[in-house]
Structures are given as structure tokens and as C-alpha cells.
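# Coordinate analysis (summary)
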Amino acid sequence: MKIGFFDSGLGGLTVLKESIINENLKGEIYYLGDNKNTPYGIKDEEFVKKIIEENINTLMDYGCNPIVIACNTATSLSIKYLREKYNKIVFIGTEPAVKVAADNHMHKKILVLATSITVKQEKLLNLIDKLNIKDCVELLPADKLVEFAEDINCNKLGKEINNYIESLLINYNLNEYSHIVLGCTHFPLFYDNFKEVIAKLYPNCNISIVDGAKGISLNLIKNIKEMNNEKSTQDDVNIHIIYTKESETFKIRVKQILNLPKINIDYKLH
Ligand code: DGL
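Residues numbered from 1 in each chain as written. Predicted model: local features only at pLDDT ≥ 70, side-chain atom pairs only at ≥ 80, totals over all residues. Heavy atoms only, no water.

### Describing the packing of aromatic side chains
Any two aromatic rings considered together are summarised by their centre-to-centre distance and by the angle between their planes. What counts here: We call Phe, Tyr and Trp rings a pair once their centres come within 6.5 Å, taking the six-membered ring for Trp, and we label the pair stacked below 30 degrees between planes, edge-to-face above 60, and tilted otherwise. A positively charged side chain is recorded as over a ring if its NZ (Lys) or CZ (Arg) lies within 6 Å of the ring centre. The angle to the ring normal must also be within 35 degrees.
Per the stated rule, a full pass over the model turns up five aromatic pairs. Over the face of the ring belonging to Y267 we find K251, whose NZ or CZ atom lies 5.9 Å from the ring centre.

Listed below in C-alpha cells is the structure:
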């Protein structure tokens, strides 16, 4: 079984890492990061839909099934269409962990950060409606975090990243909020930055920061078991990284983010 992962760039690695470390994902993993076209969240929606389908076709050409769309933006734009058109493929989608927050918000507010595309999509708005939390939720685009994550100097940009997060959070009294939902798979890379900024701006605030990686990983493992009919699969893990533009930065960032020294990783430009 070949398991596909797809993101506009490096963000989906946060989901892949969770699946490997905490859910013991094994097997041949094909991770496609579309570094040529990243970021998606601020681009024209029709253009983004077209390149999402092209990239999914690439993963299908490699023989991947299931495919994890480890990208909130791509999921909210295309998963319905992809499921209908490619009905033999099992697609695992990503959506902001709004339900986790809704189940535990104790009548406080919920702040959802995502890309500009994601916050406008029906998929998220319908979910908020369905959970009956419309009056408690604030949606906030935070696209610049995607650029920071893709930057070779990301690890040295702590101050700039914190300043950007501060410029976003300063407009909300977080003491009135129970959760910040990181609704883009790039954002969990900045979990510590969020903690630092919140401690500075709202020292007594007891807010939870949640993301969807755990839920997606559990869903993936469940689907793999069903597809394999409970038979045991491969016992090791090989990661094949497919990228769309030659870039040493991309490869270096993959290693920094995954930080899994014992796992074999190879790279292929598509
Ligand atoms: N990782 C992405 C997401 O979850 C995409 C970010 C982007 O390319 O703008 O939305």
C-alpha cells in the first residue's frame, strides 16, 4: 500500500509527523509538497483548484491510495469534487479542529486562524453552523505564517514571527476565549510562538491551542485498517518526498520539520 500526503508545501509534514510518531504509521509514504505554487491561501481559487487536481493526479500516478489532503485550504476547496471524480481513491481530509473547541468551550469564544481561502469556504462556515457556535466564533486569516514556515531562515525569525502573531492577537481579548484553533497545517509549527505571545499579552489567560493533526491521523489509521481488511502491513517506514520546484531550502526544511533521523527519506522533483 502506498500512502499519499499532499500539501501546498511543508505544512502537511506536521500531520505526517503526528501520524508516524503518535499513531505508528508504517509503509511507503509519498509526500507531495507543491513548493512551486505555495502559498495557496492568497491565490485565485480556480487556479488553486486546478493545481490541486494536478497534484492529486501525480500521487495517483505513483499508485497512492489512500491520499491524505494534509492541507485545510485544499480540503475546503476540492475534497468534495475529488471524492466524486476519483471514487476509487480514499481521500482523508483536513479541517480546522473546530469541533474539539466546540465540545469544550464552556460558553467562551473560539478564535479560528486559517488561510484567506479557508475562512471564506462554505465547508468551514457550514461546520460552524452545524455545531451551533456561530455567535462564539471569530475567523482570522493568518497567511503570513505560511511564508514564515517555508522560509529557510524560519528558525532564526522568532522575533518577526512573534511580532506578526502579536499584531493578530492584540485585537482580541483572549481572556474571553477558550480556544485558538490552528486551521492551517503550517500553523502548528508556531505553537511555541503562540504560547510566548499569549503569555506576554494576556499573562493570566488559560486558553487552549488546538489543531487537527491528531484527528486526521486517527482517521487515516482507521481507513488503512479497513482497506487492508485488518491484515498486517509493512513494518518499516520509507518517506518519498515529491516536490515541484528545485530548491535546497525545501529539502532542508523537510529535514528540520520531520526531524526523524532514523527514517529513510528520498526526494524526487516532479
Ligand atoms: N497548509 C495549508 C493549509 O492547511 C496551505 C497554506 C497555503 O498554502 O496557503 O491551509
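### A few points about the pairing of strand β5 (residues 109–114)
Quick reminder of the rule: The buried label applies to any residue whose accessible area, calculated with a 1.4 Å probe on protein chains only, is under 20% of its type's maximum; exposed applies above 50%, and partly exposed to all values in between. Runs of H or I in DSSP of at least four residues are treated as helices and runs of E of at least two as strands, each being numbered from the N terminus. Think of it this way: DSSP has to see at least two bridges between two strands before they count as a pair.
For β5, the tally of buried residues reaches five of six residues, placing the bulk of the element in the interior. As paired elements, β5 and strand β7 (residues 177–182) share five bridges and run parallel to each other. Within the sheet, the bridge partner assigned to K109 lies in β7 and is Y177. Looking at chain direction, β5 and strand β6 (residues 137–141) are connected through five bridges and run parallel.

### Quick notes on the site of the ligand
Heads up, the condition is: Residues are classed as near a molecule or strand on a simple rule: at least one heavy atom within 4 Å of it. Throughout this description, a polar contact denotes any pair of N or O atoms lying within 3.5 Å of each other; where both atoms belong to protein, one of them has to be capable of donating a hydrogen while the other can accept it, and for residues adjacent in sequence the pair is counted only when both atoms sit in side chains. Note on areas: Shrake-Rupley, 1.4 Å probe, and residue coverage restricted to the protein chains presented here.
The ligand sits among 14 residues. The nearest are S8, Y40, G41, N72 and T73. D7 is positioned with one of its side-chain polar atoms (N or O) 2.9 Å from a nitrogen atom of the ligand. At 2.7 Å from an oxygen atom of the ligand is found a main-chain nitrogen or oxygen belonging to N72. The fraction of the free accessible surface of the ligand (300 Å²) that becomes covered by protein chains is 100%.

### Quick notes on the layout of surface pockets
Our working definition: Cavities and pockets are defined on a 1 Å grid built over the protein atoms alone: a cavity is a set of grid points where a 1.4 Å probe fits but cannot escape, while a pocket is an open set with protein on both sides within 12 Å along at least five of seven lines, and lining residues are those with an atom within 4 Å of any such point. Grid points are joined across faces, edges and corners, and a volume is the space filled by probe spheres set on the points. Residue polarity follows a fixed list, in which Ala, Val, Leu, Ile, Met, Phe, Trp, Tyr, Cys and Pro are nonpolar, Asp, Glu, Lys and Arg are charged, and the others, Gly among them, are polar.
Computed from the structure, the largest pocket encloses a volume of approximately 350 Å³. Taken together, 18 residues line the largest pocket, and the ones lying closest to its centre are E95, P96, A97, K99 and G215. Counting only elements with at least two residues in the lining of the largest pocket, the list comes to α4 (98–104), α6 (122–130) and α10 (213–227). In terms of residue count, α10 provides more of the lining of the largest pocket than any other element does, four residues in total. In the lining of the largest pocket, the residues fall into six nonpolar, six polar and six charged.

### Structural notes on the sheet that holds strand β8 (residues 208–211)
Note the threshold: Angles shown run from 0 to 180 degrees and are taken between the N-to-C directions of axes, each axis being a line fitted to C-alpha atoms and, for helices, limited to the stretch in contact. Any two residues whose heavy atoms approach within 4.5 Å at even a single point are treated as in contact.
On the basis of which strands lie adjacent, the open sheet formed by four strands has the order β6-β5-β7-β8 and parallel pairing. Unpaired on one side and paired on the other, β6 and β8 mark the two borders of the sheet. Across this sheet, the average inter-strand angle for adjacent strands is 20°, counted without regard to direction. Packing against the sheet, helix α9 (residues 191–201) makes contact with β5, β7 and β8, and its axis sits at approximately 160° to β8.

### Examining the environment of E147
Mapping E147 onto the fold places it in helix α7 (residues 144–150). By relative accessible area, which is 42% here, E147 ends up partly exposed. The sequence separation of E147 and L82 amounts to 65 residues, and the corresponding C-alpha distance is 27 Å.

### Overview of the side chain of R253
Examined against the element boundaries, R253 turns out to sit in helix α11 (residues 248–258). Residues within four places of R253 in sequence aside, it is in contact with L10, A149, E150, D151, I152, C154, N155 and L189.

### Examining helix α3 (residues 72–85)
The following threshold applies: To estimate the expected span of a helix, subtract one from its residue number and multiply by 1.5 Å. Note on bend: at a given residue it equals the angle between the axes fitted to the 7 residues ending there and to the 7 starting there.
Taking 1.5 Å per residue, 14 residues should reach 20 Å; α3 reaches 20 Å between its end C-alpha atoms and fits that length. Of all the bends in α3, the largest measures some 60° and sits at S78. Regarding α3, the residues found buried are N72, T73, A74, T75, S76, L77, S78, I79 and L82. Buried residues belonging to α3 abut β1 (2–7), α2 (45–61), β3 (64–69), β4 (91–92), α5 (116–120) and α6.

### Structural notes on the pairing of β7
We count it as follows: Crossover handedness is defined by viewing with both strands directed away from the observer: a clockwise path from the first strand over the helix to the second marks the crossover as right-handed.
With respect to burial, β7 is a largely interior element, six of its six residues being buried. Relative to β8, β7 runs parallel, the two being bridged by four bridges. Note that in β8 the partner of V181 across the bridge is V210. Crossover connection from β7 via α9 to parallel β8: handedness right-handed.

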